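Examination of the molecular architecture
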Amino acid sequence: MTFREINPKMVEATVVPGQRLFSQRGAMLAYRGEVTFTPNLAGGRGGVMSMIGRRLADEDTPLMTVEGNGTVLFGHGGHHVQVIGLAGDTLYVEADRLLAFEGTLRQGTMFLGSQGGVMGMVRGQVTGQGLFTTTLEGHGSVAVMAHGGVLEIPITPQRPVHVDPQAYVAHHGDVRNKLSAALGWRDMVGRGSGEAFQLELSGSGAVYVQASEEKL
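Presented here is an overview of the structure given in this document. Keep in mind that what you see is a predicted model, and the values were worked out from it rather than measured.

Definitions and limits used
Residues numbered from 1 in each chain as written. Predicted model: local features only at pLDDT ≥ 70, side-chain atom pairs only at ≥ 80, totals over all residues. Heavy atoms only, no water. Helix = DSSP H or I, 4+ residues; strand = E, 2+ residues; numbered from the N terminus. Buried < 20%, exposed > 50% of the residue type's maximum accessible area, 1.4 Å probe, protein only. Areas by Shrake-Rupley, 256 points an atom, 1.4 Å probe, with all protein chains shown as cover. Core = buried A, V, L, I, M, F, W, Y, C linked by side-chain atoms within 4.5 Å. Contact = heavy atoms within 4.5 Å. Pairing = 2+ DSSP bridges. Salt bridge = Lys/Arg side-chain N within 4 Å of Asp/Glu carboxyl O.

Now for the overall build of the protein. Check the secondary structure of the protein and you find two helices and 13 strands. When burial is assessed residue by residue, the protein has 50% of its 216 residues classed as buried. Looking at the protein as shown, the accessible area adds up to about 10100 Å², and 52% of this sits on carbon and sulfur atoms.

Now the structure itself:
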């Protein structure tokens, strides 16, 4: 795995010739060796559509392409960092929670409404989270950020998981998401947390939940 957790708030990445990493701008803390950092407006390997999705979601900060031969320390804002390994499946993660990921992963953008219907849009409007979720697919590793630590919760066909949308970090596997209202519309005015909404994840996979509801 390219990323190695140094402590809860920092990871070390190995950069080798012929391969590349992508990181959030401002995530580099230090590096050793011959390493270059170049802005990438296309957002990894997602191309134009990925960039459009990020701009519509107000997430147009370019990623940095990291290349060369050496090691890099990544961290950002003192947030907790979690490394997730992918073995051919797809990770769904909020773009602003991405710290860094391997260039072997194919990046895309999914509109939350494609799985959550109208309630998927409500999630973005009311909870303050984006309407678009970044997807990373293939074989490789990803470093994501969260507040106060991350817990991985298994999702099984017999046991769906309900998550406060603001505590949601990412999920992977053959999983469907559905946002439901836990209160009536009048009761939901002014409430954006799980008091009003619950994100139900069903199928087979795992969801990553942060300890704090604070948005990055």
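Once you've had a look at it, read on.
Let's shift gears to the nonpolar core. If you look at the biggest cluster of nonpolar residues, it comprises 17 residues, and the most contacted ones within it are Leu86, Leu91, Leu98, Phe101, Leu136, Val142 and Val144. Only strand S6 (80-93), strand S7 (98-102), strand S9 (132-146) and strand S12 (168-181) provide two or more residues apiece to this core. Once residues within four sequence positions are removed from consideration, Val144 is found in contact with His80, Val81, Gln82, Ile84, Val93, Arg97, Leu98, Leu99 and Val169. Among the nonpolar cores identified, the runner-up in size contains 16 residues, and Phe3, Val11, Val66 and Met145 belong to it.

For the rest of this paragraph, the subject is the environment of Glu34. Within the secondary structure, Glu34 is located in strand S4 (residues 28-40). Remark: the alpha-carbon pair of Glu34 and Gly70, spanning 36 residues in sequence, is separated by 6.0 Å. The contacts of Glu34, once residues within four sequence positions are left out, are Glu67, Gly68 and Asn69.

Sheet analysis places strand S2 (residues 10-15) next to strand S5 (residues 63-74), joined by five bridges and oriented antiparallel. In the strand pairing of S5, Val11 is matched with Phe74. As judged from the four bridges shared by strand S3 (residues 21-24) and S5, these two strands associate in the antiparallel manner. Looking at S5, one finds that Gln24 is bridged to Leu63. Looking at chain direction, S4 and S5 are connected through 12 bridges and run antiparallel. Residue pairing in the sheet places Asn40 in a bridge with Leu63 of S5.

Our focus in this paragraph is the environment of Val72. Tracing the sequence through the fold places Val72 in strand S5. The class for Val72 is buried, based on a relative accessible area of 0%. Along the chain, Val72 and Ala27 lie 45 residues apart, while their C-alpha atoms are 9.9 Å from each other. Residues in contact with Val72, not counting those within four places in the same chain, are Val11, Glu12, Ala13, Val15, Met28, Ala30, Tyr31, Val35, Phe37 and Val66.

As for its placement among the helices and strands, Arg4 is situated in strand S1 (residues 3-7). What makes Arg4 partly exposed here is its relative accessible area of 47%. Taking the C-alpha atoms as reference, Arg4 lies 8.5 Å from Thr14; in sequence the two are 10 residues apart. Contact partners of Arg4, with chain neighbours within four places excluded, come to Met10, Val11 and Glu12.

Our focus in this paragraph is the pattern of salt bridges. Going through the model one piece at a time under the given rule, you end up with four salt bridges. Its salt-bridge partner being Arg106, residue Glu137 comes within 2.7 Å of it at the nearest N-O pair. Taken together, the residues span a long stretch of sequence, with Glu137 in strand S9 and Arg106 in strand S8 (residues 106-111) at a distance of 31 residues. Accessibility expressed as a relative area gives 45% for Arg106, which makes it partly exposed. Three or more residues joined by partner-sharing salt bridges are found here, namely Arg4, Glu12 and Arg32.

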